[in-house]
Amino acid sequence: MAVQIVSGSLPNIPWEERPAGCDETVWRFSRNPVVGRYAAKTSHSVLNSAVVPFGEGFAGVFRCDDRSRHMDIHAGRSADGIHWEIEPGPIRFRPESPAVAPSEYKYDPRITPLDGRYYITWCAGYHGPCIGLGYTDDFAEFVQMEHITLPYNRNGVLFPRRIKGTYAMLSRPSDTGHTQFGDIFYSESPDLVHWGRHRFVMAPCGGWQSTKIGAGPVPLETSEGWLLIYHGVLTSCNGFVYSMGAALLDLEEPWKVVARGADYLLAPAETYECVGDTPNVVFPCAMLCDGDTGRLAIYYGGADTVVCLAFSTVDAVVRFVRERRR
Ligand code: BMA
């Protein structure tokens, strides 16, 4: 299979070959975690975070919970995508207009390169969790736009191009707390401010994804559809278990699911995924792709405490979704 990928060359993508004897579709980096819990000066934990290629290297927005346990997002830079320098303080967004309400807290960022700049979405505290939006051109100055959903919503992820002329987003309507439900929805906007034409995409469906699901990294455009990595949650007698899976969405009508993998791609098994502030969490928020080789580097939070890396290829994940489909 040779899936066509709409993604540029990224020869310096972090990479490690699949270990000998491993036949999993996704494999972990041998030097996980790549960002430790104290990587920022005042952090209690550094977790569910987003990265993109930037300049000669990489830039990122990292969720850092501080030692008062306030949740915020910090900028970071890296030459190789593995060793990160994270700013000691949170990003100071300049409001786009005086009417833009600051977020009481920010967590679980995603970064979408779009229209030549970097848009950042996050879960924002504004009378409950909703989706915040901002942008940067240089990872030094950041602008906050209007919140793009009402409370309660989480896991807002922008598509990396307009679809039939409109901006597009996946999100997961929810509630105030440790939500026991959650479907993925699709919404459109002419201007990144006004959102509508909401469409249902997919719901929990049993097993590792039986309680709730939410979009992870920015969807990757391929000849087989938008490749979506997402998280799925199972409720065990010991609480939630967060795993990572994949689906393909129609390129022009992304609320139509082309195929969806029955099995998870990665579930908590290593100590850094099973032990931490929240046990048993694999929470993907970013993915790098090298368009020449199809290599994928997926960044995910481990146990709500650290940031980890896992690898695969576009061909392998697409084959997995198609062959192991529900
Ligand atoms: C979700 C979010 C994530 C977190 C997950 C597991 O509701 O808070 O940031 O990783 O729960 O605790």
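First things first, this report covers the structure right here in the doc. Keep in mind that this is a model prediction, so the values were computed, not measured.

**A closer look at the site of the ligand**
The immediate surroundings of the ligand are formed by N48, R63, Y107, D108, Y242, T278, V281, F283 and D304. At a separation of 3.0 Å, an oxygen atom of the ligand approaches a polar side-chain atom of Y242. With the chains in place, 84% of the 300 Å² that the ligand exposes on its own is no longer accessible. Taken together, the residues that form the shell around the ligand break down as four nonpolar, two polar and three charged.

**Quick look at unusual backbone geometry**
The omega torsion of the bond from N32 to P33 falls at -10°, within 30 degrees of zero and hence cis. By secondary structure assignment, the location of P33 is in the loop between β1 (27-28) and β2 (43-54). Unusually for a residue other than glycine, F139 sits at a positive phi of about 60°. Secondary-structure assignment places F139 in the loop between β9 (129-136) and β10 (142-144). F139 gets classed as buried once you look at its relative accessible area, which sits at 6%.

**Brief notes about the packing of aromatic side chains**
Enumeration according to the criterion identifies 19 aromatic pairs in this entry. Where F159 meets Y186, the ring centres are 5.8 Å apart and the plane angle is 75°; that geometry is what we call edge-to-face. Note that F159 is positioned in the loop between β11 (153-158) and β12 (167-173) and Y186 in strand β13 (residues 184-189), a separation of 27 residues in sequence. For the pair formed by F159 and Y186, the shared burial category is buried. Ring centres of F185 and F200 lie 5.7 Å apart, and the angle between their planes is 75°; on these two criteria the pair is classed as edge-to-face. A residue pair is termed long-range when its members are at least 10 positions apart, and F185 in strand β13 and F200 in strand β14 (residues 196-202) qualify at 15 residues. For F185, a relative accessible area of 27% translates into the label partly exposed.

**Here's the deal with the pairing of strand β4 (residues 71-78)**
Most of β4 is tucked away, with six of its eight residues classed as buried. Of the strand pairs in this sheet, strand β3 (residues 57-66) and β4 are connected by eight bridges, and their pairing is antiparallel. Along β4, the bridge assignment pairs C64 with D72.

**Section: the sheet that holds strand β6 (residues 93-95)**
Spatial strand order, β6-β10-β9-β8-β7: five strands in an open sheet with mixed pairing. The sheet is open, and its two borders are formed by β6 and β7 (106-114), each paired with just one other strand. Neighbour-to-neighbour, the strand axes of the sheet open up by a mean angle of 30°, direction not taken into account. Across seven bridges, the pairing between β7 and strand β8 (residues 117-125) is antiparallel. Bridge assignment links P113 to a residue of β8, and that residue is Y118.

**A short note on the sheet that holds strand β20 (residues 282-289)**
In spatial order, the strands read β1-β22-β21-β20; together these four strands make up an open sheet with antiparallel pairing. In the strand order of this sheet, the two ends are held by β1 and β20, each with one partner. With respect to the sheet, helix α2 (residues 314-323) is in contact with β20, β21 (295-302) and β22 (306-313), its orientation differing from that of β22 by roughly 85°.

Thresholds applied
- Residues numbered from 1 in each chain as written.
- Predicted model: local features only at pLDDT ≥ 70, side-chain atom pairs only at ≥ 80, totals over all residues.
- Heavy atoms only, no water.
- Near = heavy atom within 4 Å.
- Polar contact = N/O pair within 3.5 Å; in protein donor to acceptor, adjacent residues only side chain to side chain.
- Areas by Shrake-Rupley, 256 points an atom, 1.4 Å probe, with all protein chains shown as cover.
- Nonpolar A, V, L, I, M, F, W, Y, C, P; charged D, E, K, R; others polar.
- Helix = DSSP H or I, 4+ residues; strand = E, 2+ residues; numbered from the N terminus.
- Buried < 20%, exposed > 50% of the residue type's maximum accessible area, 1.4 Å probe, protein only.
- Phe/Tyr/Trp six-rings, centres within 6.5 Å; stacked < 30°, edge-to-face > 60°.
- Pairing = 2+ DSSP bridges.
- Axes fitted to C-alpha atoms, helices over the stretch in contact; angles between N-to-C directions.
- Contact = heavy atoms within 4.5 Å.

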